[in-house]
Amino acid sequence: MADEEEADAEPAVELGEGEPVEGAPLARVTSRLSWPITKSRLETLEGDAVIRTPEGPTELSAALEDVDITYFEKRQEFEEAVRDVVGRGPVATADE
């Protein structure tokens with residue numbers, strides 16, 4: 001019964017009414033993978049995934065072209081390398 005009450009409750013964070021942002025958060029894409037992993041295996045599995053970046057949606061394979069590392073021990077190491085390429089900061093929305 002508690003689950004039903006929680007499902008009917010309003011979300012904890014109010015969502016905006018603008019256009020949805022294209023692409024998926026990098027963390028969502030990387031959560032589907034097992035670590036450690038090679039760059040080539042990563043490209044095969046998720047290279048066509050579109051990720052959100054401060055400059056707009058970008059295919060993961062395009063971001064990986066500028067990453068020099070070929071073997072990632074941990075998810076954090078991979079995410080840091082990709083963010084070094086695509087940038088850090090807020091993701092632009094249609095309203096900005």
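Whatever comes next refers back to the structure up there.
Everything in this summary refers to the structure shown in the same document. (Residues numbered from 1 in each chain as written. Predicted model: local features only at pLDDT ≥ 70, side-chain atom pairs only at ≥ 80, totals over all residues. Heavy atoms only, no water.)

### Focus on the pattern of salt bridges
Selection criterion: The salt bridge criterion pairs a side-chain nitrogen of Lys or Arg with a carboxyl oxygen of Asp or Glu, the two atoms within 4 Å. Numbering goes from the N terminus for both helices and strands, where a helix is a DSSP run of H or I of at least four residues and a strand is a run of E of at least two. Whether a residue is buried, partly exposed or exposed follows from its accessible area with a 1.4 Å probe, protein chains only, as a fraction of its type maximum: under 20%, in between, or over 50%, in that order.
In total, this model carries five salt bridges according to the counting rule given. The shortest N-O distance in the salt bridge between Arg 75 and Glu 79 comes to 2.9 Å. Of the two residues, Arg 75 and Glu 79 are both situated in helix α5 (residues 75-86); the distance of four residues between them amounts to about one turn of the helix. Among the residues examined, Glu 79 registers a relative accessible area of 10% and is labelled buried. Measuring nitrogen to oxygen at the nearest pair gives 3.5 Å for the salt bridge that ties Arg 83 to Glu 79. Here Glu 79 and Arg 83 lie together in helix α5, a separation of four residues that amounts to about one turn. What makes Arg 83 partly exposed here is its relative accessible area of 30%. A cluster of three or more residues bridged by salt bridges with shared partners is formed by Arg 75, Glu 79 and Arg 83.

### As for helix α3 (residues 39-46)
The condition that has to hold: Each C-beta atom gives one direction from the helix axis, and the arc is the one those directions make. The contact definition used throughout considers only heavy atoms, calling two residues in contact when any of these lie within 4.5 Å.
All of the buried residues along α3 are Lys 39, Leu 42 and Glu 46. Within α3, the buried residues cover an arc of 60° as seen down the axis, which keeps them to one side. Buried residues in α3 make contact with α2 (26-30), β1 (37-38), α4 (60-64), β4 (71-72) and α5.

### Thoughts on the side chain of Glu 46
How we decide: Counting of polar contacts relies on pairs of N or O atoms within 3.5 Å, with two restrictions inside protein: one atom must be capable of donating a hydrogen and the other of accepting it, and residues adjacent in sequence are counted only when both atoms are side-chain atoms.
Locating Glu 46 in the fold gives a position in helix α3. With relative accessibility at 12%, the residue Glu 46 sits in the buried group. Within the local environment of Glu 46, its side chain forms a polar contact with the side chain of Arg 32, the two groups lying 3.0 Å apart. Those residues in contact with Glu 46 that sit more than four places away from it in its chain are Val 29, Arg 32, Leu 33 and Leu 60.

### Points about the environment of Val 82
When you line up the elements, Val 82 lands in helix α5. Sequence separation of Val 82 and Leu 64 is 18 residues, and the distance between their C-alpha atoms is 6.9 Å. Once you skip the residues sitting within four places of it in the chain, Val 82 turns out to touch Leu 26, Ile 51, Leu 60, Ala 63 and Leu 64.

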